[in-house]
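Structural overview
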Amino acid sequence: MQLRDFSYDLPPDLIAQTPPATRSGGRMLVVAPDAAGFRDARVVDLPGELRAGDLLVLNDTRVIRARLHGTKDSGGKIEAMIERVLDSRQALAQIRASKTPKPGGRLAFGADGALGATVIAKHDDLYELQFDTDDLLAALDAHGELPLPPYIERKPGDDDDARYQTVWAREPGAVAAPTASLHFDDAMLAAIRARGVDIAFATLHVGAGTFQPVRVDDLSQHRMHAERVTVTAALADAVAAAQARGGRVVAAGTTVVRALETAAAASGRVQPYQGETRLFITPGYEWRCVDALLTNFHLPESTLLMLVCAFGGFERVIAAYRHAVAHRYRFFSYGDAMWLPGRRSPA
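Residues numbered from 1 in each chain as written. Predicted model: local features only at pLDDT ≥ 70, side-chain atom pairs only at ≥ 80, totals over all residues. Heavy atoms only, no water.

It is worth spelling out the pattern of salt bridges at this point. If you walk through the whole model with that rule in mind, you get 13 salt bridges. Between Arg-106 and Asp-132 there is a salt bridge whose closest N-O contact spans 2.6 Å. Of this pair, Arg-106 sits in strand β8 (residues 106–109) while Asp-132 sits in the loop between β10 (126–131) and α2 (136–143), and the two are 26 residues apart along the sequence. What makes Arg-106 partly exposed here is its relative accessible area of 33%. One salt bridge connects Arg-154 with Asp-160, and the closest N-O pair in it is separated by 2.8 Å. Each of the salt bridges in this network shares a partner with another, and the network as a whole consists of Glu-83, Arg-84 and Glu-276. (Salt bridge = Lys/Arg side-chain N within 4 Å of Asp/Glu carboxyl O. Helix = DSSP H or I, 4+ residues; strand = E, 2+ residues; numbered from the N terminus. Buried < 20%, exposed > 50% of the residue type's maximum accessible area, 1.4 Å probe, protein only.)

With that settled, the discussion passes to the sheet that holds strand β2 (residues 38–42). The mixed open sheet is built from nine strands, whose spatial order is β2-β1-β17-β16-β14-β3-β12-β13-β15. For this open sheet the edge positions go to β2 and β15 (273–277), each flanked by a neighbour on one side alone. Here the strands of the sheet are splayed against their neighbours by 25 degrees on average, with no regard to which way each runs. The pairing of strand β16 (residues 292–296) with strand β17 (residues 337–340) spans four bridges and is antiparallel. For Thr-295, the partnering residue across the bridge sits in β17 and is Met-338. Lying over the sheet, helix α6 (residues 254–263) contacts β3 (55–59), β12 (198–205), β13 (227–231), β14 (249–252), β15 and β16, oriented at roughly 105 degrees with respect to β3. (Pairing = 2+ DSSP bridges. Axes fitted to C-alpha atoms, helices over the stretch in contact; angles between N-to-C directions. Contact = heavy atoms within 4.5 Å.)

At a closest axis distance of 10 Å, the pairing of α6 and helix α7 (residues 303–312) adopts a crossing angle of 70 degrees. The angle between α6 and α7 falls in the class roughly perpendicular. Every pair of crossing elements has a handedness; the one defined by α6 and α7 is left-handed. Contacts between α6 and α7 involve Thr-254, Val-257 and Arg-258 from the former and Leu-304, Leu-307 and Val-308 from the latter. In the contact of α6 with α7, the residues fall into four nonpolar, one polar and one charged. (Parallel < 35°, antiparallel > 145°, perpendicular 65-115°, else oblique. Left-handed = near helix turned anticlockwise from the far one by under 90°. Nonpolar A, V, L, I, M, F, W, Y, C, P; charged D, E, K, R; others polar.)

Turning next to the environment of Ala-263. Mapped onto the elements, Ala-263 comes out in helix α6. The spacing of Ala-263 and Arg-322 is 59 residues in sequence and 33 Å in space, taken between C-alpha atoms. Apart from residues no more than four positions distant in its own chain, Ala-263 is found in contact with Val-231, Arg-269, Val-270, Gln-271 and Tyr-273.

Here we take up the nonpolar core. Core analysis: the largest hydrophobic core is formed by 71 residues, its most contacted members being Tyr-164, Leu-260, Val-270 and Phe-331. Core analysis: the next-biggest nonpolar cluster, separate from the first, contains 24 residues, Ile-82, Ala-93, Phe-109 and Ala-139 among them. (Core = buried A, V, L, I, M, F, W, Y, C linked by side-chain atoms within 4.5 Å.)

Glancing now at unusual backbone geometry. At Asp-124, a position not held by glycine, the phi torsion is positive, near 55 degrees. Inspection of the secondary structure puts Asp-124 in the loop between β9 (115–123) and β10. Relative accessible area serves as the criterion here: at 69%, Asp-124 is assigned to the exposed category. Located in the positive-phi region is Phe-332, a residue other than glycine, with phi close to 75 degrees. Relative to the assigned elements, Phe-332 resides in the loop between α8 (314–326) and β17.

Here we come to the packing of aromatic side chains. The tally for this structure, following the rule as stated, stands at 16 aromatic pairs. Taking 5.8 Å as the distance between ring centres and 65 degrees as the angle between the ring planes, the aromatic pair formed by Trp-168 and Phe-184 counts as edge-to-face. On the criterion of sequence distance, the pair formed by Trp-168 in the loop between α3 (158–163) and β11 (171–174) and Phe-184 in the loop between β11 and α4 (186–194) is long-range, its members being 16 residues apart. A relative accessible area of 0% places Phe-184 in the buried class. Each ring, one from Phe-331 and one from Phe-332, has its centre 6.2 Å from the other, and the planes form 85 degrees; the classification is edge-to-face. Both residues of the pair, Phe-331 and Phe-332, count as buried. Cluster of aromatic residues (ring-pair linked, three or more members): Tyr-8, Tyr-151, Phe-211, Phe-297, Tyr-321, Tyr-329, Phe-331 and Phe-332. The cationic tip of Arg-27 hangs over the ring face of Tyr-329; the distance from NZ or CZ to the ring centre is 3.8 Å. (Phe/Tyr/Trp six-rings, centres within 6.5 Å; stacked < 30°, edge-to-face > 60°. Lys NZ or Arg CZ within 6 Å of the ring centre and 35° of its normal.)

This is the structure we're talking about:
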């Protein structure tokens, strides 16, 4: 398939700039796997779509304050977007500056330049930085800014500190939120458990590459950005138990899909896994694990839209997007949700 196949027209005013008043207050488009078509519902209806014996898998990553503003040793302004923290002192980052720094260059971040860093090397489009600290995550909390997506055209506010995190976020490392999970609050989690649905957690630290455009027309030539994944033995056992009892494995978001399908890639069954994934899912993909999917609406020509089309069927998902535009759903990170209760062979 070609990149242009995944384009669609989106009025700019449908791009959500703020979260809904309450986490579970958004709309939800139900995309049936058969001829039943589409149904307009609410996110709070999701528990009723789940069945006793299902397993709902969530991503427990935590968004870090990954955007840094500062200056080079020459005095020029610079912005760094941490792509991933490597250890207590080092990180890979995207850098924006009028003149990009060279290895050995010094950078100073924060309002008073209190957080210093040295450019170690450049790896493709990422810079390896070594910071003058022994606790980089704490330093980012002190001097960094929450990295709202580029299509949110405002500065982050105090409300975003809570609303651009899931209610269960615990493993710091992401530079973007697993947005399908932003719809869940404690009351909805309780309602889901009350229906006899188990809940388990994967970890995928969303990288800044999730916002990078696909730059090739031939999708077979695209190289996916790497993201860190942890699938524990407990999660693998929970998936096996759900499958054994005939329950569905329900993924909350494309990050969970990629985590589970990566962990199942070798044997066809989910196994414990810790490492990187570059899994790029497009129509025609052979599914191994995920049976149902809750997801937000994604950017045109994005790898996330391609994944959803692979899951729900290309023609059906593109038609669902047209329906969502026509009925004025809210799009992207703070937008509404789509529920695909079962896989459909790609069209």
